[in-house]
Amino acid sequence: MSGHPITSDPAPAPEQKPALRIGPGGPGDSPAPVGFIGLGNMGAPIAKRLLAWPGGLVVCDVRPETTEPFVAEGATAAATGAEVARTARLVSVTVLDDAQVRDVVDGPEGILRTAAPGTVIAVHSPIADSTAVELAEVCAAAGVHLVDAPVSGGAQGAESGQLAVMVGAPREVLLWAGMPVHAGEVGAGTRMKLARNLLHFISFTATAEASRLAEAAGIDIAKLGRVVRHTDAITGGAGAVMLRDTTAPIATDDFWHGVFTHVRGLGEKDLSLALGLADRLGVDLPLGTIALRDLGTGFGVGPGELARRADVRASDGVSGDAGGTGRDHDDEENR
């Protein structure tokens, strides 16, 4: 692993005392060890990438046996967060939940019991943004920086070193990763992670809905999964439409209006066809119905003809093909 996980601006302001060194060391320093607490499915592969840190790695987990492979590679094992922070100036935390994070950081044997001023605690665990903000205030009183730095990319991304890290921290505190994103101040990283995970698990629910339709239609859903993974790798999946910096309606003379009006037309056509198939097979697709209704509004261009037609039919209590046929839509586009 190259570079320095966390550094600060080494140049002091004129006629002022040099700024306190943040983290495990800058280019001209003898680097201090880094610490890692929590060696589970995500934590272990991340920690492995720190074994090459020239200042050394200190690892800690409630299951002592998980530290043994790291010790065999030259790391030092510690029993508590306080023991980690006696030498480490950057401590990453990847434990289960808010309660464990609070205990690791500020508990009786937590990091703050021994952490030197300038130490950085990077919390990668999925926690509430309010927990990150509260702990950052407690840490600041001790001269310690707490960074909420949730990760995205799963165990595979952790193994390959390609995780996205959403950093909520002051700008003078920087992290290295496959894709570091400065989300804002402390708490912003977690808020970004929650929005990202909302998309993730809603898409899982939509996957189950699509699988029910495919299964009812006699399709091999394992083969469908192969198609989805292949094409999402090409198109970018849901992230491909996250291109604007606002969710406000788009003016008709804006460049994006034409782009998203076109995508809305394609989407409403395909959703209508899928809902029509589901109606014939007797499969309920509540997310599909919502998607047809809200797709254009979500894009900022408002509903298209097929969505408006389906809304009228739903208001009238009419069942059947949600948006007519795809041919109707094609004919309208060609007029």
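Each chain carries its own residue numbering, running from 1 in the written order of its sequence. Local features in a predicted model are, by the rule used here, given only for residues with pLDDT of at least 70; side-chain atom pairs are given and counted only at 80 or more, and totals for whole chains, interfaces and linings are based on all residues. To obtain the side-chain values, all non-hydrogen atoms of the structure were used and water was disregarded.

A short note on the overall build of the protein chain
Rules: Secondary structure elements follow DSSP: runs of H or I of four or more residues count as helices, runs of E of two or more count as strands, with numbering from the N terminus. In this description, contact between two residues means that some pair of their heavy atoms is separated by no more than 4.5 Å. Reported accessibility uses the Shrake-Rupley method at a 1.4 Å probe radius. Residues are deemed covered only where the shown protein chains occlude them.
Scanning the protein chain from terminus to terminus reveals 12 helices and 9 strands. Sequence separation of 24 or more characterises 58% of the internal contacts of the protein chain that already satisfy a separation of 6 or more. Surface summary for the protein chain: the accessible area is close to 18200 Å², and the carbon and sulfur share equals 57%.

Concerning helix α5 (residues 129-140)
Cut-off, in case you're wondering: Helices are assigned an expected span. That span is 1.5 Å times one less than the residue count. Think of it in three bands: with a 1.4 Å probe and only protein chains considered, a residue is buried below 20% of the maximum accessible area for its type, exposed above 50%, and partly exposed in between. The arc in question is the one spanned by the directions pointing from the helix axis to the C-beta atoms.
With 12 residues, α5 should cover 16 Å at 1.5 Å per step; its first-to-last C-alpha distance of 17 Å lies within 8% of that length. Buried residues of α5: Thr-131, Ala-132, Leu-135, Ala-136 and Cys-139, and no others. Each buried residue of α5 lies within a common arc of 130 degrees when the element is viewed along its axis, so the set occupies one face. Away from its buried face, by an angle of more than 90 degrees, α5 presents the exposed residues Glu-137 and Ala-140.

Considerations on the nonpolar core
Generally speaking, a soluble globular protein has its nonpolar side chains buried in company with each other. Formally: The criterion is simple. A nonpolar core is a set of buried Ala, Val, Leu, Ile, Met, Phe, Trp, Tyr and Cys residues joined through side-chain atoms within 4.5 Å.
By size, the foremost hydrophobic cluster in this structure holds 26 residues, and its most contacted members are Ile-37, Val-84, Val-105, Ile-111, Ile-121 and Leu-146. When contributions to this core are tallied by element, the ones reaching two or more residues are β2 (57-60), α3 (81-85), β4 (90-93), α4 (98-106), β5 (120-123) and α5. For this core, the element with the highest residue contribution is α5, accounting for 4 residues. The contacts of Val-84, once residues within four sequence positions are left out, are Gly-35, Ile-37, Val-58, Cys-60, Ala-78 and Val-91. Counting 23 residues, the second-largest nonpolar core is a separate cluster that includes Ala-47, Leu-57, Val-120 and Ala-158.

Some words on the packing of aromatic side chains
Rules: Classification of ring pairs uses Phe, Tyr and Trp, with its six-membered ring standing for Trp, and accepts pairs whose centres are within 6.5 Å; under 30 degrees between planes counts as stacked, over 60 as edge-to-face, and the remaining range as tilted.
Applying the stated rule across the entire model yields 4 aromatic pairs. Ring plane angle 85 degrees and centroid distance 5.4 Å describe the contact between Phe-201 and Phe-204, whose orientation is recorded as edge-to-face. You can see Phe-201 and its partner Phe-204 sitting in helix α7 (residues 188-216), 3 residues apart, about one turn around the helix. Given a relative accessible area of 47%, Phe-201 falls into the partly exposed group. On the basis of relative accessible area, Phe-204 is assigned to the partly exposed category, the value being 45%. Ring geometry for Phe-255 against Trp-256: centres 5.0 Å apart, planes inclined by 70 degrees, an arrangement best described as edge-to-face.

Observations regarding the layout of surface pockets
For clarity, the threshold we go by: In this analysis a 1.4 Å probe is tested at points of a 1 Å grid over the protein atoms alone, and where it fits but cannot get out there is a cavity; an open set with protein on both sides within 12 Å along at least five of seven lines is a pocket; lining residues have an atom within 4 Å of a point. Grid points are joined across faces, edges and corners, and a volume is the space filled by probe spheres set on the points. Side-chain classes follow a simple rule in which Ala, Val, Leu, Ile, Met, Phe, Trp, Tyr, Cys and Pro form the nonpolar group, Asp, Glu, Lys and Arg form the charged group, and the remainder, Gly included, forms the polar group.
Its boundaries defined by the atoms lining it, the second largest pocket holds a volume of some 1400 Å³. For the second largest pocket, the lining is made up of 44 residues, of which Met-42, Thr-94, His-124, Pro-126 and Val-151 are closest to its centre. Looking at the lining of the second largest pocket, the elements with two or more residues in it are α4, β7 (151-152), α6 (154-160), β8 (164-168), β9 (179-184) and α7. The element contributing the most residues to the lining of the second largest pocket is α7, with 6 residues. For the lining of the second largest pocket, the per-class residue count stands at 20 nonpolar, 18 polar and 6 charged.

A look at the environment of Leu-51
Along the polypeptide, Leu-51 turns up in the loop between α1 (43-48) and β2. In this structure, the C-alpha to C-alpha distance between Leu-51 and Val-71, residues 20 residues apart in sequence, is 9.8 Å.

Looking at a nonpolar patch on the surface
Inclusion rule: Patch members must show over 30% relative accessible area and no salt bridge, and they are joined within 9 Å when carrying like charges or within 5 Å when they are nonpolar side chains of Val, Leu, Ile, Met, Phe, Trp or Tyr. A side-chain nitrogen of Lys or Arg and a carboxyl oxygen of Asp or Glu constitute a salt bridge if their distance falls within 4 Å.
Where nonpolar side chains cluster on the molecular surface, the patch consists of Leu-199, Val-241 and Met-242 and spans about 260 Å² of accessible area. By secondary structure assignment, the location of Val-241 is in the loop between α8 (221-235) and α9 (255-281).

As for the environment of Ala-122
With respect to the element layout, Ala-122 can be found in strand β5. For Ala-122, a relative accessible area of 0% gives the class buried. For the pair Ala-122 and Phe-36, spaced 86 residues apart in the sequence, the C-alpha separation amounts to 9.4 Å.

Quick notes on the side chain of Glu-268
Worth spelling out the cut-off: Counted as positive: Lys and Arg. Counted as negative: Asp and Glu, with His and the chain ends omitted from the count. Whenever a nitrogen or oxygen atom comes within 3.5 Å of another N or O atom, the pair is scored as a polar contact, on the condition that within protein one atom can donate a hydrogen and the other can accept it, and that pairs from neighbouring residues in sequence are kept only if both atoms are in side chains.
Mapped onto the secondary structure, Glu-268 falls in helix α9. We note that Glu-268 is buried and unpaired, the nearest opposite charge coming from Arg-264 at a distance of 4.4 Å. A distance of 2.8 Å separates the side chain of Glu-268 from the backbone nitrogen of Gly-304, its partner in a polar contact. Beyond its immediate stretch of four places on either side in the chain, Glu-268 contacts Leu-292, Leu-295, Pro-303, Gly-304, Glu-305, Leu-306 and Ala-307.

Side note on the packing of α7 against helix α10 (residues 286-299)
As a reminder, the rule being used: What counts as an axis is a line fitted to C-alpha atoms, over the stretch in contact for a helix, and the angles between N-to-C directions run from 0 to 180 degrees. Orientation categories follow fixed angle ranges, with anything under 35 degrees roughly parallel, anything over 145 roughly antiparallel, 65 to 115 roughly perpendicular, and all other angles oblique.
At a closest axis distance of 9 Å, the pairing of α7 and α10 adopts a crossing angle of 115 degrees. By the angle class used here, α7 and α10 are roughly perpendicular. The residues of α10 that touch α7, namely those facing Ile-202, Thr-205, Ala-206, Glu-209 and Arg-212, are Pro-286, Leu-287 and Gly-288. Within the contact of α7 with α10, the residues separate by chemical class into 4 nonpolar, 2 polar and 2 charged.

Considerations on the confidence of the model for the protein chain
Keep this limit in mind: A score from 0 to 100, pLDDT tells how confident the predictor is in each residue.
Scored by pLDDT, the protein chain comes out at a mean of 84, with 82% of its residues at no less than 70. Across residues 322-335, where pLDDT falls below 50, the model places 19 contacts with residues more than four positions away in sequence or in other chains.

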